[in-house]
Amino acid sequence: MVALYRSRLLVALAAACAVVLTSSSAAQAGAVGSTPVRTFEYSVGGMTMKVPTGCAFTHIIRGGGKRITYQNAGVDCAFVAALGTGFCNWRIDFTYANTNNRTYTTSRGRTHPECKIDPMRNNSPQTLPRYGKACAHLYVNGVRRVSQCHHITK
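As the structure is a prediction and not an experimental result, all values here were calculated from the model.

1. Describing the state of the cysteines
Turning to step 1, where the next piece is worked out: Per the stated rule, a full pass over the model turns up three disulfides.
Turning to step 2, where the next piece is worked out: With a sulfur-sulfur separation of 2.0 Å, Cys55 is cross-linked through a disulfide to Cys77. One quick way to see it: the torsion about the S-S bond of Cys55 and Cys77 is about 105 degrees, and its sign makes the bridge right-handed. One end of the pair, Cys55, is in strand E4 (residues 55–64); the other, Cys77, is in strand E5 (residues 67–77), with 22 residues separating them in the sequence.

The structure is reproduced here in C-alpha cells:
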C-alpha cells in the first residue's frame, strides 16, 4: 500500500514538472506550487483524528494574463500519512486578491463530510477583473490548515 501511494506521489510530481517544462504559446503561462501540510489533530464525532507529516497541498493554475483556463488544488500524501484516515469534513476554496492583497472574490468549495486521503477540487475557467494573486485553501473541520498562492501579473 505504501508503494502504491509512493508511486502516486511520484506520478503527481512528474506531471507537475511536465506542466512546468512544457513550452506553450507565448501568451500562455502556468504555475505549480506545493506547500507541506503540517501535522495537526482535530475531533470528528468525539474521535480525535491526526494528520501526520507527509502530505503536500498542490495548486496548479494555467492561462494567460488575467484569463485562467485551468485551476486545480489537492492533497497528496506519502509514507505513513498515506495510510491514515485522511481529511474529514474538508473543503477547498479559491480566493482572488488584487495587487494590494485585498481579496475581492472567493469560490467556496462544498464541504465533504466523508474522510478522504486525497481531497481535490477543480475550479471553472474565468477571466479575472484585475491582476494580483490566486490562492487555494484547504479547510478541515472548518479550520484553514494550508494555503498555496500564485501571483497573476502582466
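2. Observations concerning unusual backbone geometry
Turning to step 1, where the next piece is worked out: Its identity as a non-glycine residue notwithstanding, Asn89 has a phi of 55 degrees, on the positive side.
Turning to step 2, where the next piece is worked out: Along the chain, Asn89 turns up in strand E6 (residues 87–98).

3. Description of the nonpolar core
Turning to step 1, where the next piece is worked out: The biggest cluster of nonpolar side chains holds 26 residues, and the ones touching the most others in it are Phe57, Phe87 and Leu138.
Turning to step 2, where the next piece is worked out: Sorting the residues of this core by element identifies strand E2 (40–44), strand E3 (47–51), E4, E5, E6, strand E11 (132–140) and strand E12 (143–152) as the ones contributing at least two each.
Turning to step 3, where the next piece is worked out: At six residues, E6 tops the list of elements feeding residues into this core.
Turning to step 4, where the next piece is worked out: Excluding its chain neighbours within four sequence positions, the residues that come into contact with Leu138 are Phe57, Val75, Phe87, Trp90, Arg91, Ile92, Pro119, Val143, Arg144, Arg145 and Val146.

4. Points about the pattern of salt bridges
Pairing of side chains with opposite charge becomes possible as their charged atoms draw close.
Turning to step 1, where the next piece is worked out: Counted according to the given criterion, the structure contains one salt bridge.
Turning to step 2, where the next piece is worked out: The residue Arg91 makes a salt bridge to Asp93 at a minimum N-O spacing of 3.0 Å.

5. A look at the side chain of Thr58
Turning to step 1, where the next piece is worked out: Counting through the fold element by element, Thr58 comes out in strand E4.
Turning to step 2, where the next piece is worked out: Residue classification places Thr58 among the buried positions, given a relative accessible area of 15%.
Turning to step 3, where the next piece is worked out: A polar contact is formed between the side chain of Thr58 and the side chain of Ser34, at a distance of 2.6 Å.
Turning to step 4, where the next piece is worked out: Those residues in contact with Thr58, other than ones at most four positions away along the chain, are Val32, Gly33, Ser34, Asn72, Ala73 and Gly74.

Cut-off values and rules
Residues numbered from 1 in each chain as written. Predicted model: local features only at pLDDT ≥ 70, side-chain atom pairs only at ≥ 80, totals over all residues. Heavy atoms only, no water. Disulfide = S-S within 2.5 Å. Helix = DSSP H or I, 4+ residues; strand = E, 2+ residues; numbered from the N terminus. Core = buried A, V, L, I, M, F, W, Y, C linked by side-chain atoms within 4.5 Å. Buried < 20%, exposed > 50% of the residue type's maximum accessible area, 1.4 Å probe, protein only. Contact = heavy atoms within 4.5 Å. Salt bridge = Lys/Arg side-chain N within 4 Å of Asp/Glu carboxyl O. Polar contact = N/O pair within 3.5 Å; in protein donor to acceptor, adjacent residues only side chain to side chain.

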